[in-house]
Structures are given as C-alpha cells and as structure tokens.
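Understanding the architecture of this molecule
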Amino acid sequence: MTSKNSKSKFGKDLETNLESQGSSTGQTASEKISISQRLSGKVCIITGTGGSMGRAAALLFAREGALVVGCDLQADAAQATVDAVHAEGGMMVSLQPCHLDQPVGCKALVDFAIRSFGRIDVLFNNAAMAYFNWLEDIGDEEWDQSHRDEVDLVFYLTRAAWPHLKTSRGVVVNTASLTASMSFKNLPSLAHSTAKAGIIGMTRQLAMEGREHGIRANSISPGIIETNQTREQLKDPEWAGTMLGKTLLGRLGRPEEVANVALFLASGESSYVTGIDIVVDGGMKVW
Ligand SMILES: NC(=O)c1ccc[n+]([C@@H]2O[C@H](COP(=O)([O-])OP(=O)(O)OC[C@H]3O[C@@H](n4cnc5c(N)ncnc54)[C@H](O)[C@@H]3O)[C@@H](O)[C@H]2O)c1
C-alpha cells in the first residue's frame, strides 16, 4: 500500500518554487529558498517512519522543506505518520508494508522514491529491531535475526540508493546506539551491541568510499530514548531508575531530540562533518 500527498497548499507552493527557480539562474532550490528551510527541496528517505524516532524525523524534515519518502513494516503506523505530515502541510510519500531486511524490499523503496520525486539527496537509515538476551540464551536463529534486522537492512538500502546519492552528492545518516561503545550491567545487549558497533564501522567505511562522490556519512548513537521500543522495559521502575541515574541531565531522551541531530547531519549545516558518530545520550557516557 502506498500513500502520496495529493497537493497540500504547502506542497503546491514548494513545487512551483522549485520549477521556477531551477531554470533561470542555475542556482539550486536549496540555495534560494528561505534559509530557515534547512532541507528545502531535498528528497529524504527515512526508514521506520511508523516508529517513534522515524515519525519525529518525518515531521521535522518536512517542516524544514524536505520531500520525505517514508516506509515501514507496519502499514497503519506508517500511514498515520503520512497523515500527520500532511496535516501540517508537509510533503511525504510512503511505502508500506516494506521489508527492508530483503534486498528486493530495499530496491522497491529506492524505485518508489525515484518514481515519486526523481532523485535521492538524503538517506536516513533509522529502522531497526533490537533483540536482548544474555550470551548463553541467544539461539542461532535470534543471532541471525539480529544481524538481519539491525545490519543487513542498512547495507541493502544504502547499496540500492548509492548510485542516486552519487548523482546528488548526497548524505547518509545511520542509527547506531550507545550500546555500541558502552555496556550496562542490566542490559543483555550482546547481539544489539555487536550489530550497532557494526553500523558505526559501516558508516566510517561509507564516508571513506563516498568521499570521491561528495557523499557524507555519519551515524547517531542514542542513549535511552522513550519510544515504542523501550516503553515496556521502562515500566520496570528499578531498571528505569538505574538508567535514569546514569544520565547527567536527569531524564531520558525524546525522539525529537534524536531527530534534531539527524536534521543537522542531513543538512548543509554539517557540511564539514563526515565519518563520525554523534552520541545523543543526555551524558550517559560520562560516568
Ligand atoms: N529507543 C532507544 O532508546 C534507542 C537507543 C539506541 C538506538 N535506537 C535505535 O533507534 C532507531 C529507532 O528506534 P525507535 O526506538 O524509534 O524504535 P521504534 O520501534 O519506535 O521504530 C522502529 C521502526 O522501524 C520499523 N522496522 C524495523 N525493522 C524493519 C524492517 N526490516 N523493515 C521496515 N521497517 C522496519 C519498525 O516497524 C518500527 O516502526 C533504531 O535503529 C534503534 O535501534 C533506539
């Protein structure tokens, strides 16, 4: 099932702007449109837009003038995000259900983005599913599944989008995790930590391979953010209290606070930033 914005006022104005600006001056749309629109006219794929951080990013990127291409396994949740973006007058299309752990699903998403907007400027690999167990309790199937749902989907989609990112001299933003570089005694995160450390390594290599095409690649490592994925676990007061006590800011993070960093990395404001990982953890890594 797909959904497309049927011309919100904002979308229509933006399209008109893009058409009239591109031709006469040779200037790109993003150079001419208001500087507060940090992603103006940029086609941004965001994965997992049915989830918490994905939805927050879709709303924020659209407010900043992006043409958002979303996707998710969960059709209803993904559609709800499209509706929320359209309700604000933003531009968004979405492909759902979309199975990013399969190359064919990733190719379908890239084709959909090109069919919808003709180019890809930003790829925000946000979607993933984490599995938590102590070493001796992790079965072979769970280990493989973790790799598929945290690493493979980033590789398959980035590989499929790469030719278009080369054309646009685009940007990759990946989502890693604080658990890639820290261990917590109350978190059985062997598979998750391994996978997300892989994302940091993959991102660094992407930045190196992308340099000659003008492609930048960076990752974000969130700490504990209140989302669909952590909500159940956070109901355990002892666990939540321990994690809260690890933050310097005395509170857990919000999806919007990760989206803000993704916006910085996706936009030209980070034009001299590539190959790094930004930790968004309220200071958990300090002590
Ligand atoms: N919540 C945290 O505290 C935290 C901490 C560190 C890292 N992260 C990372 O942040 C990212 C976003 O997580 P979130 O907390 O918003 O979780 P979320 O569950 O709210 O959102 C993730 C979304 O991705 C989708 N998805 C997962 N696998 C998919 C697949 N194969 N194909 C298509 N869609 C798929 C899910 O359906 C879901 O809607 C993830 O990469 C996660 O590992 C989260």
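Note: the structure precedes this text.
Right, let's walk through the structure included here. Computed from a predicted model, the values in this text were never measured in an experiment.

Parameters at a glance
- Residues numbered from 1 in each chain as written.
- Predicted model: local features only at pLDDT ≥ 70, side-chain atom pairs only at ≥ 80, totals over all residues.
- Helix = DSSP H or I, 4+ residues; strand = E, 2+ residues; numbered from the N terminus.
- Buried ≥ 20, exposed ≤ 12 C-beta atoms within 10 Å, placed from the backbone.
- Contact = placed C-beta atoms within 7 Å.
- Near = placed C-beta within 6 Å.
- Nonpolar A, V, L, I, M, F, W, Y, C, P; charged D, E, K, R; others polar.
- Expected span 1.5 Å × (residues − 1).
- Arc of directions from axis to C-beta.
- Pairing = 2+ DSSP bridges.
- Right-handed = clockwise from strand over helix to strand, strands pointing away.

This paragraph deals with the overall build of the protein chain. Helices and strands together make up the secondary structure of the protein chain, namely nine helices and eight strands. Expressed as a percentage of its 287 residues, the buried residues of the protein chain come to 44%. For the protein chain, contacts bridging at least 24 residues in sequence account for 73% of all contacts bridging at least 6.

Every one of the 31 residues lining the ligand counts as a neighbour, but Gly-48, Gly-51, Ala-128, Thr-227 and Asn-228 are closest to it. At the level of elements, α3 (52-63) and α6 (140-168) are the ones that each hand at least two residues to the shell around the ligand. Classifying every residue of the shell around the ligand by side-chain character gives 14 nonpolar, 14 polar and three charged.

On to the environment of Ala-259, then. With respect to the helices and strands, the residue Ala-259 is situated in helix α9 (residues 255-266). The sequence separation of Ala-259 and Ala-57 amounts to 202 residues, and the corresponding C-alpha distance is 4.8 Å.

We now examine unusual backbone geometry. Following Gln-96, the chain continues into Pro-97 via a peptide bond in cis, with omega recorded as -5°. Within the fold, Pro-97 resides in the loop between β4 (91-95) and α5 (103-117). In this model, Arg-169 sits at a positive phi of 55°, which is unusual for a non-glycine residue. Residue position: Arg-169 is located in the loop between α6 and β6 (171-175).

This next bit is on helix α4 (residues 75-87). Taking 1.5 Å of rise per residue, the 13 residues of α4 would be expected to cover 18 Å, and the 18 Å separating its terminal C-alpha atoms lies within 8% of that figure. Turning to α4, its buried residues number three or more, namely Ala-78, Thr-81, Val-82 and Val-85. For α4, the angular spread of the buried residues around the axis is 100°, confining them to a single face. The exposed residues of α4 that point more than 90 degrees off its buried face are Asp-76, Asp-83 and Ala-87. Just beyond α4, the residue with positive phi is Gly-89, at close to 85°.

With respect to burial, β4 is a largely interior element, five of its five residues being buried. On β4, burial covers both faces: Met-91, Val-93 and Leu-95 on one face and Met-92 and Ser-94 on the other are all buried. Sheet topology note: the strand β3 (residues 67-71)/β4 ladder contains five bridges and is parallel. By the bridge assignment, Leu-67 is partnered in β4 with Met-91. What joins β3 to β4 is α4, and the crossover it makes is right-handed.

With 15 residues, α5 should cover 21 Å at 1.5 Å per step; its first-to-last C-alpha distance of 21 Å lies within 8% of that length. When α5 is considered as a whole, its buried residues turn out to be Cys-106, Leu-109, Val-110 and Ala-113. Considered in projection along α5, the buried side chains sweep an arc of 95° and stay on one side of the axis. Away from its buried face, by an angle of more than 90 degrees, α5 presents the exposed residues Val-104, Asp-111 and Arg-115. Residues of α5 that are buried make contact with β2 (43-46), β3, β4 and α6. Once α5 ends, the next one or two residues include Gly-118, with phi positive near 85°.

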